[in-house]
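Structural description and commentary
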Amino acid sequence: MADLMKIVHLSDTHNCHHRLRNLPDADVVVHSGDFCMVGSEREAIDFLNWFCDLPYRHKIFIGGNHDDCLYGANIDGLDHNVHYLCNSGIEIEGFKFYGVPMFMDDCVTDRQSCNYARIPEDTDILITHSPAYGILDFDDNINYGSVEILERLAMLNLKAHLFGHIHAQHGILEQSDIIYSNGAIMNSDYTQLNVPNLIEI
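Residues numbered from 1 in each chain as written. Predicted model: local features only at pLDDT ≥ 70, side-chain atom pairs only at ≥ 80, totals over all residues. Heavy atoms only, no water.

**Regarding the pattern of salt bridges**
- Overall, the coordinates contain five salt bridges when judged by the stated rule.
- Close ionic contact of Asp122 with Lys96 constitutes a salt bridge, the shortest N to O distance being 2.7 Å. Of this pair, Asp122 sits in the loop between α3 (111-117) and β7 (125-128) while Lys96 is found in strand β6 (residues 95-100), placing the two residues 26 residues apart along the sequence.
- Asp122 sits in the partly exposed class, given a relative accessible area of 43%.
- Each of Asp27, Arg57 and Glu93 takes part in one network of salt bridges that share partners. (Salt bridge = Lys/Arg side-chain N within 4 Å of Asp/Glu carboxyl O. Helix = DSSP H or I, 4+ residues; strand = E, 2+ residues; numbered from the N terminus. Buried < 20%, exposed > 50% of the residue type's maximum accessible area, 1.4 Å probe, protein only.)

Dropping the structure here:
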């Protein structure tokens, strides 16, 4: 396993990715969903063209609830170092990444619960769109995070959990030797861009 990996974590850019300038140096860039606003194919293609051109050795992304055009999609033609994780994983430099998207068609059935239950126990870095319940998920006096993710976390030996979704809780929290990163770039009223999170594993 690598001694140290630097990860730039983005989420919830909502079509504002072109406004991101001078991203920090890192080994990997991760986008944990909601790069679109209305979920159109045009939005997704624009994002992917931008994302694939970023100067990182490895690039990973998942879908969020605004990225409906990816639901059931097979994404072909990505560069060898660009990875779309959809209830799937990849090992990079000794670290095992696993990504679970958040598509509304799954959330209104029991499929999303099954997706969370299938997260491998040997995952090092988990990428979801939703936070776990009670972890950087509080807004409007409500914890919006997933109880199912929280329960699954208890069975894993993670190094980091990367997510977004709750714009008001952008930031990094470290507890019980796990780094939790809410990478939401757009603030809660969509008027300002937050600084991308940089974490070291």
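We are not done yet, so read on.
**Re the pairing of strand β3 (residues 58-61)**
- Here β3 shows no split at all, with His58 and Ile60 on one side and Lys59 and Phe61 on the other all buried.
- Where strand β2 (residues 28-31) and β3 come together, four bridges link them in parallel fashion. From the neighbouring strand, Val28 faces β3, where its bridge partner is His58.
- Between β2 and its parallel partner β3, the chain crosses via helix α1 (residues 41-52), and the hand of that crossover is right-handed. (Pairing = 2+ DSSP bridges. Right-handed = clockwise from strand over helix to strand, strands pointing away.)

**Details of the pairing of β7**
- Every second residue of β7 is oriented toward a common face, with Ile125 and Ile127 on one face and Leu126 and Thr128 on the other, all of them buried.
- Of the strand pairs in this sheet, β6 and β7 are connected by four bridges, and their pairing is parallel. Residue Val100 lies in a different strand from β7, and its bridge partner there is Thr128.
- Note: β7 against strand β10 (residues 160-163), three bridges, orientation parallel. Residue pairing in the sheet places Leu126 in a bridge with His161 of β10.

**A word on the sheet that holds β7**
- Strand order in the open sheet formed by six strands is β5-β6-β7-β10-β12-β11, with mixed pairing between adjacent strands. Two strands in the sheet have a free side with no partner beyond their single neighbour: β5 (88-92) and β11 (171-175). Ignoring strand direction, the axes of neighbouring strands in this sheet form an average angle of 15°. (Axes fitted to C-alpha atoms, helices over the stretch in contact; angles between N-to-C directions.)

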